[in-house]
Amino acid sequence: MTIRAFDFAHQGTKPNPKHVQSLLKFFESGIKSPDNYGFGVEIEHLPIRKSTGKAVTYAEPHGIRNVLQALASHYDPTREYYEDGHLLGLGKPGIAVSLEPGGQIECSLGVLRHADDLDALYAQFRRDLDPILDRFDIRLINYGYQPDTSYKEIEIIPKHRYYAMQKYFARIARYGYCMMRASASTQVSIDYFSEKDSIDKLRIGTAVGPILAWFFRNTPFFEKEPNPFPLLRQEMWDWIDPQRTNQLWGLYDDNYDWEHYATDVLTTPVFIADLSHTPEYTGDRPVFSAPYDDAAAIYPDRELNQAEINHLISTHFNDVRLKNFVELRHWDSLPVARAQRLTEIVSNLFYSPEEFSGLLSYFDGLTSLDVREAKADLQAHGADAHPYGQSLEFWREFLHAEGTLDTEPGDPQRPDVFQS
């Protein structure tokens with residue numbers, strides 16, 4: 001008997017067909033030719049006060065708000081992002097600067113044509129930023145979690161989306177506050193060349209991402225204590241909300257396609273409604289919590305616009321996410337040298353036809369239970385794990401994950417501190 005896992009998801013709802021078509025067109029718009037692929041790399045940084053080592057928040061004196069205001073002169077004024085008068089984002093060609101809920105500073109770099117382009121673009125980001133950080137007694141570190149500050153000590157930034165997210169996660173999530181306020185990650189985005197290629201990349205990325213997360217683990221601390229979890233980021237996200245995290249439902253069904261993905265996005269309760277770009281909306285509270293309503297209940301009976309699509313997709317946080325590119329989301333915040341090495345590995349695995357074909361062959365017949373077992377094995381056994389029945393030494397060689405720069409510190413002022 002073939003169990004089609006997606007058949008058992010969202011049993012009481014149906015998406016609006018016009019909304020489905022909107023997402024299918026969006027996914028189709030992402031198709032690239034094999035000779036025109038690129039990367040996007042996002043690195044989140046934990047800001048800490050030089051003098052105390054404590055997390056720096058948005059609104060405190062000489063805080064992240066002041067940093068963004070001073071940094072704005074280096075960026076395109078037409079790409080400044082404000083909410084209720086608060087500056088929350090900046091942009092210019094190749095670089096976007098945004099804030100995570102706890103004031104973590106994220107730089108989004110790309111589109112990069114080669115992995116080795118990352119270093120130069122990141123250096124430009126830091127040349128503008130570092131003198132301003134010095135002025136405000138702040139430095140940035142690359143760990144997966146704040147080393148000396150509890151989530152309880154961190155206030156979220158003034159953004160309606162995050163207020164709604166915090167309200168929701170406070171009631172249903174095990175680590176919601178921890179993730180929002182005190183964690184930081186590295187994400188790598190890749191292109192796809194067809195619908196089938198995108199599904200193949202979602203499957204392979206979901207399968208190998210936890211193994212690469214082990215090789216690039218970078219979280220020495222959790223809540224001011226030594227981190228007890230081999231993969232803290234996985235531990236937090238897998239327990240936050242099973243409707244929208246972990247694996248995509250039905251991903252390893254043999255009939256899984258873009259329509260399944262779209263249906264998943266559209267029939268999962270939105271949990272954060274954002275009608276700020278919905279012309280028909282006439283109320284005065286366009287962003288609000290919506291823990292039970294799906295897209296059909298919130299958005300008009302028409303095709304969705306770009307902003308509405310982006311918002312709906314952004315309310316899902318799966319290990320690997322489909323936008324009009326494939327976003328791989330497994331990894332802790334990494335110093336740029338390690339982030340570049342990770343991008344090189346991803347490039348080799350996903351863009352080399354020979355390597356990717358080998359991965360597809362190796363994982364032929366993989367099931368969601370196999371992936372679940374591999375993740376649990378890594379979390380339970382760490383260095384002694386045998387994901388998919390093979391040692392980590394095997395996987396390092398098979399995935400060409402040598403030279404992961406394990407001695408590159410996430411905090412240069414703690415050069416001997418690494419995750420064990």
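Residues numbered from 1 in each chain as written. Predicted model: local features only at pLDDT ≥ 70, side-chain atom pairs only at ≥ 80, totals over all residues. Heavy atoms only, no water.

Under an unreviewed UniProt entry, the name given to the protein chain is Glutamate--cysteine ligase, and the source organism is Bifidobacterium tissieri. Comment text from UniProt for the protein chain, heading Function (unreviewed entry), reads "Catalyzes the synthesis of gamma-glutamylcysteine (gamma-GC)." (UniProt positions renumbered as here; feature names shortened; annotations may be inferred.)

> Give a detailed account of helix α3 (residues 118–135), specifying residues and quantitative values.
Taking 1.5 Å of rise per residue, the 18 residues of α3 would be expected to cover 26 Å, and the 26 Å separating its terminal C-alpha atoms lies within 8% of that figure. At Leu129, α3 shows its strongest bend, of approximately 35°, with the proline Pro131 following within four residues. Listing the buried residues of α3 in full gives Leu118, Leu121, Tyr122, Phe125, Arg126, Asp128, Leu129, Ile132 and Leu133. Of the residues one or two after α3, Asp137 is the one with positive phi, at around 60°. (Helix = DSSP H or I, 4+ residues; strand = E, 2+ residues; numbered from the N terminus. Expected span 1.5 Å × (residues − 1). Bend = angle between axes of the 7 residues up to and from the residue. Buried < 20%, exposed > 50% of the residue type's maximum accessible area, 1.4 Å probe, protein only.)

> Which residues make up the pattern of salt bridges, and what values go with them?
One pass over the structure, following the stated rule, counts 26 salt bridges. The shortest N-O distance in the salt bridge between Asp254 and Arg4 comes to 2.3 Å. Here Asp254, found in the loop between β10 (245–246) and α8 (258–267), pairs with Arg4, found in the segment before α1 (17–29); they are 250 residues apart in sequence, far enough to count as distant. Arg4 sits in the partly exposed class, given a relative accessible area of 28%. In this structure, the salt-bridge partner of Arg341 is Glu344, at a minimum N-O distance of 3.2 Å. Separated by 3 residues within a single helix, Arg341 and Glu344 lie in helix α11 (residues 336–351), roughly one turn from each other. Note on Arg341: relative accessible area 19%, which makes it buried. (Salt bridge = Lys/Arg side-chain N within 4 Å of Asp/Glu carboxyl O.)

> I'd like to hear about unusual backbone geometry, residue by residue, with values.
Gly110 connects to Val111 through a cis peptide bond whose omega is 20°. The residue Val111 is located in strand β5 (residues 105–112) in this model. Positive phi outside glycine occurs at Asp84, with the angle close to 50°. The phi dihedral of Phe271 is positive, around 65°, even though this residue is not glycine. Considering the arrangement of structural elements, one finds Phe271 in strand β11 (residues 271–274).

> Residue-level account of the environment of Asp406, with values.
With respect to the element layout, Asp406 can be found in the segment after α14 (392–398). Taking the C-alpha atoms as reference points, Asp406 and Ile298, 108 residues apart in sequence, are found 47 Å from one another. Among all residues touching Asp406, those that are not within four sequence positions of it are Phe215, Arg338, Arg396 and Phe418. At a separation of 3.3 Å, a polar atom in the side chain of Asp406 contacts the side chain of Arg338. (Contact = heavy atoms within 4.5 Å. Polar contact = N/O pair within 3.5 Å; in protein donor to acceptor, adjacent residues only side chain to side chain.)

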